[in-house]
Amino acid sequence: MLKSLAAVKWPGARPSKGAEAPNPASFDVLAPSLYYLSKGDTKRVLEAFRFADQAHLGQFRASGLPYITHPLAVAGICAGWRLDAQAIMAALMHDTIEDCGITKAELVERFEAPTAELVDGLTKLDKLQFSTKEESQAESFRKMLLAMARDVRVILIKLADRLHNMRTMEGMAPAKQRRIAAETLDIYAPIAHRLGLNQTYRELQDLSFRYQNPWRYAALSKAIERARGNRRDLVKRIEDDVLRAFQQAGLPVQISGREKTLYSIYKKMRDKHLSFAQVSDIFGFRVVVDEWPQCYLALGVLHHLYKPQPGRFKDYIAIPKPNGYQSLHTTLVSPLGTAVEFQMRTEAMHRVAEQGVAAHWLYKAKGDEPQALGSKLLQSLLDIQSETRDASEFLEHVRVELFPDAVYVLTPRSRILALPKGATPVDFAYAIHSDIGDHCVAAQVNGEMVPLRSALKSGDVVEIVTAPQARPNPAWLAFVRTGRARSKIRHYLKTLAHDEARDLGRKMLAQALRAEGLALPDDSHESLWRDLARWAGSRHADDLLSEVGVGRKIASMVAKQLARMLNEAGTKPDAVLLSMGRFAADDAISQGLVLLDGSEGASVRYARCCHPIPGDEIRGYLGRGEGLLVHTAECQTGRRLMQRDSDHWIGVAWADELQGSFEASIGLLLRNGKGVLAQVAASVSQAEADIRHVAMDKDQDVAEETAEMRLVIAVRDRHHMADVLRVLKRSPSVMRVWRVKP
């Protein structure tokens, strides 16, 4: 008899025939599911139930049932996966720390440390105050991942908890139902998929769809019921044909039917803009054989029976999915011309396909196979959480990383990597190793050079070209697809910005302290720096210096406190340093004079309104948390800003030894004609400068004899700028050239 997928159950409870339904709040609900545990383990689970029952006494769910019915149901789901006694006990007590005031120490004393650790890993961070719901969700999820790194059972119990909550949401307000359903679809369903818990994954998707789109869910349910009745004869005919073909081939198989879930049908209709009538592969068949070579024999039998659809064959046995899933997939054309999908797998593959990590639990050796599998599957998420501290950014990475579809690409040594659809060579590079991603400069796909933003396809052989001096490019964030690559790039850029701000802050504090007649103490004075950071409200000295560099802390105020601390420690002001500090600080004694050489990085920005270059008289505006912004002394924008906020201006000057190049803006009046831009570019190149930006008036008439152009060029200093202007003036197409000033 053909069975729908919803009817297929993992071997679990074995209730006695004819027994009355037990009280939903009693241990009798769970006991039949624990048949695989020893008597000693069952006794320990019973003790955990009594403890949880007592802790939740007087608490009720929104449905009106005693609260203990929820932990019992969660433990029942875990027992269906045949998890061990510790996991079942933790499932029964998973809300005791959060809701009942029970401490972890009590659980350790009564049920030993492993069970207490599982319960603690499942407890939400309700004792901490978060600024937003999203931040609370992110921190709770982060803790769950960290606990899972130690023990994969944490995530299994958490998924069972979410599954039962989704099954019992009828009494909640619609807005809360939609919020929980969206979170489940975003986070928990993809995790179930990545762990290979496909039955749980499909049920979570359908339940989320039901609460997010109740009208569409109801309409689609009715349509499927009608289709099921209309296609009953066709299904029976295909089943008979297939069984007869396997009997003639002498190949023993088990055949069962499966039906697409409501959510997968809805998603296909939405993504491909199809009507329900146009979705042809609503039902399919699963063929289970004894040994993996027989999967390929079964494939041959089916292809001989019905014609296969070209391009619809997938071999997940040779190349398993990232979650361990293995099967052969093929789509055949039925006698009535409809598409029917078949999946061929062994019994062991079927266990993994339905229950993923949980399927390994009962059958594992003494090693830690499920633990290793779980940690491997979510290692990328653990990498992300270790580098991302911002809550919304962390959740964004998680959603990106938990992808359902994948492409399979190969390294030059034929190692297969699974990446999300649309992944690029940069994603590939970071999947190999973060160092390769950080130093990536180019990529070869199938032996040909391609842009780094190119989308990879299954079967591509990818080779990454690296260079020691290369660094991650912020522009990569616009096209990378994996959460790992995105978080690694952002982490590098943030670390770089922090380091640059710290170096600038150290320079500013040293200059401000010189005005007090003191030299900046080195890093060997750990206690002094620690006390200074505590006084300033910073976590440590590096954070304090970074905050000074970006303007969150005023260098003069920090310097005065540091001077007081040094004086108390017996360090007296030096007369020579005092005079040097006052001379160097000039009219900005309060902050000290900061020397700029072009190597400051992101912590120092040169204003685009006036484009200061070495040789210009300059002044610096220390924005609130934005770093140092440098204007020329004659810049009108800077002058207006100084009138409004004079306290945040500090003295800056050019260093004697300069590094790198500086941008300047120039205007040109040109004779309009063919090849003018090429002549200008050649002149700039001749003067050993680079063009960074070109702009022309959009309303300019091409028929006019003259045209005006603006260039942003990179020069070393004012002398170099003068050389560029001289060379441009000699160009026959240039009538006039000048430096643009605000």
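Residues numbered from 1 in each chain as written. Predicted model: local features only at pLDDT ≥ 70, side-chain atom pairs only at ≥ 80, totals over all residues. Heavy atoms only, no water.

K.L.:
I'd like a description of a nonpolar patch on the surface, backed by residues and values.
P.N.:
A grouping of L677, I691, V694 and M696 is seen on the molecular surface, where their side chains present a nonpolar patch of about 310 Å² in accessible area. For the nonpolar patch, the element with the highest residue contribution is strand β17 (residues 690-696), accounting for three residues. Locating I691 in the fold gives a position in strand β17. Look at I691 and you get partly exposed, because its relative accessible area is 31%. (Patch = residues over 30% accessible without salt bridge, like charges linked within 9 Å, V, L, I, M, F, W, Y side chains within 5 Å. Areas by Shrake-Rupley, 256 points an atom, 1.4 Å probe, with all protein chains shown as cover. Salt bridge = Lys/Arg side-chain N within 4 Å of Asp/Glu carboxyl O. Helix = DSSP H or I, 4+ residues; strand = E, 2+ residues; numbered from the N terminus. Buried < 20%, exposed > 50% of the residue type's maximum accessible area, 1.4 Å probe, protein only.)

K.L.:
Can you tell me about the sheet that holds strand β16 (residues 662-671), naming the residues and giving the values?
P.N.:
With respect to topology, four strands assemble into an open sheet ordered β17-β18-β16-β19, the strand pairing being antiparallel. Whereas interior strands pair on both sides, the edge strands pair on one side only; in this sheet they are β17 and β19 (734-739). Direction aside, neighbouring strands of the sheet carry axes that sit 25° apart on average. Taken together, the ten bridges between β16 and strand β18 (residues 706-715) define a ladder with antiparallel strand orientation. Opposite G667, over in β18, you have R710 as the bridge partner. Contacting β16, β18 and β19, helix α29 (residues 718-729) crosses the sheet at an angle of about 165° to β19. (Pairing = 2+ DSSP bridges. Axes fitted to C-alpha atoms, helices over the stretch in contact; angles between N-to-C directions. Contact = heavy atoms within 4.5 Å.)

K.L.:
An account of the confidence of the model for the chain is requested, with residue identities and associated values reported.
P.N.:
With 80% of its residues at a pLDDT of 70 or more, the chain has an overall mean of 78. Under a pLDDT of 50 for its full length, residues 1-19 has, in the predicted model, 29 contacts with residues more than four places off or in other chains. Here residues 125-132 is modelled with pLDDT under 50, and outside its nearest four sequence neighbours on either side it reaches eight contacts, counting other chains as well. (pLDDT = per-residue confidence, 0-100.)

K.L.:
Please give an account of the packing of aromatic side chains that cites residues and values.
P.N.:
In this structure the tally under the stated criterion is 13 aromatic pairs. Geometrically, the ring pair formed by F51 and F111 is edge-to-face, given 5.3 Å between the ring centres and 80° between the ring planes. Here the residue F51 occupies a position in helix α1 (residues 39-55), and F111 occupies one in helix α5 (residues 104-111), the gap between them amounting to 60 residues. The class for F111 is buried, based on a relative accessible area of 5%. Ring centres of F209 and Y263 lie 6.1 Å apart, and the angle between their planes is 65°; on these two criteria the pair is classed as edge-to-face. You can see F209 sitting in helix α10 (residues 198-212) and its partner Y263 sitting in helix α13 (residues 262-272), a full 54 residues away along the chain. Since its relative accessible area comes to 1%, F209 is described here as buried. One aromatic cluster in this structure is built from F209, Y217, Y263 and Y266. Sitting over the face of the ring of W738, R736 holds its NZ or CZ atom 4.2 Å from the ring centroid. (Phe/Tyr/Trp six-rings, centres within 6.5 Å; stacked < 30°, edge-to-face > 60°. Lys NZ or Arg CZ within 6 Å of the ring centre and 35° of its normal.)

K.L.:
Explain the nonpolar core to me, using residue names and the numbers behind them.
P.N.:
In summary, soluble globular proteins display a tendency toward joint burial of nonpolar side chains. By size, the foremost hydrophobic cluster in this structure holds 60 residues, and its most contacted members are L30, V45, I88, M93 and L107. Mapped by element, the contributors of at least two residues to this core are α1, α2 (69-80), α3 (85-92), α5, α6 (113-122), α8 (153-167), α9 (174-194) and α10. (Core = buried A, V, L, I, M, F, W, Y, C linked by side-chain atoms within 4.5 Å.)

K.L.:
Account for the environment of S487, with residues named and values stated.
P.N.:
Assignment of secondary structure puts S487 in helix α22 (residues 483-514). A C-alpha to C-alpha distance of 9.3 Å links S487 and L477, two positions ten residues apart in sequence.

K.L.:
Explain the packing of α1 against α3 to me, and be specific about the residues and the numbers.
P.N.:
Contact geometry of α1 with α3 gives a least axis separation of 9 Å together with a crossing angle of 10°. On the basis of their axis angle, the class for α1 and α3 is roughly parallel. Contacts between α1 and α3 involve D41, R44, V45, A48, F49 and A52 from the first element and A85, Q86, I88, M89 and L92 from the second. Here the contact of α1 with α3 is composed, by residue class, of eight nonpolar, one polar and two charged. (Parallel < 35°, antiparallel > 145°, perpendicular 65-115°, else oblique. Nonpolar A, V, L, I, M, F, W, Y, C, P; charged D, E, K, R; others polar.)

K.L.:
Could you give me a rundown of unusual backbone geometry, with the residues and numbers involved?
P.N.:
The residue R82 is not glycine, and still its phi comes out positive at about 60°. If you trace the backbone, R82 turns up in the loop between α2 and α3. The backbone of H611 sits at a positive phi, close to 45°, despite the residue not being glycine. Structurally, the position occupied by H611 is in the loop between β12 (604-606) and β13 (618-622). For H611, a relative accessible area of 8% translates into the label buried.

K.L.:
An account of the pattern of salt bridges is requested, with residue identities and associated values reported.
P.N.:
A side chain with one charge may pair with a side chain of the opposite charge, provided their charged atoms come close. Evaluated as defined, the whole model comprises 21 salt bridges. Among the ionic pairs, E203 bridges to R167, the shortest N-O distance being 2.7 Å. Here E203 is found in helix α10, whereas its partner R167 is found in helix α8, with 36 residues between them in sequence. Given a relative accessible area of 35%, R167 falls into the partly exposed group.

K.L.:
Tell me about helix α25 (residues 555-568), and please be specific about residues and values.
P.N.:
The first and last C-alpha atoms of α25 sit 20 Å apart over 14 residues, in line with the 20 Å expected at 1.5 Å per residue. Inspection of α25 places A555, S556, V558, A559, Q561, L562, A563, M565 and L566 among the buried residues, and these make up the whole buried set. Contact partners of the buried residues in α25: α22, α23 (526-536) and α24 (541-549). (Expected span 1.5 Å × (residues − 1).)

K.L.:
Lay out the sheet that holds strand β10 (residues 462-466) with the relevant residues and their values.
P.N.:
Remark on secondary structure: sheet strands pair via backbone hydrogen bonds, oriented parallel or antiparallel. Strand order in this open sheet of three strands is β9-β8-β10, and the pairing throughout is antiparallel. This sheet does not close on itself; its edge strands, each paired only once, are β9 (448-450) and β10. With strand direction ignored, the average angle separating the axes of adjacent strands in the sheet is 35°. Across five bridges, the pairing between strand β8 (residues 440-445) and β10 is antiparallel. Opposite V445, over in β10, you have V462 as the bridge partner. This element, helix α20 (residues 425-432), spans β8, β9 and β10 of the sheet and lies at about 80° to β10.

K.L.:
Which residues make up the packing of α23 against α25, and what are the values?
P.N.:
Relative to each other, α23 and α25 sit at 135°, their axes nearing to 11 Å. If you check the angle between α23 and α25, you find them oblique. As for how α23 packs across α25, the hand of that crossing is right-handed. Seen from α23, the contacting residues are L528, D531, L532 and W535; seen from α25, they are M557, V558, Q561, L562, M565 and L566. In terms of residue class, the contact of α23 with α25 is built from eight nonpolar, one polar and one charged. (Left-handed = near helix turned anticlockwise from the far one by under 90°.)

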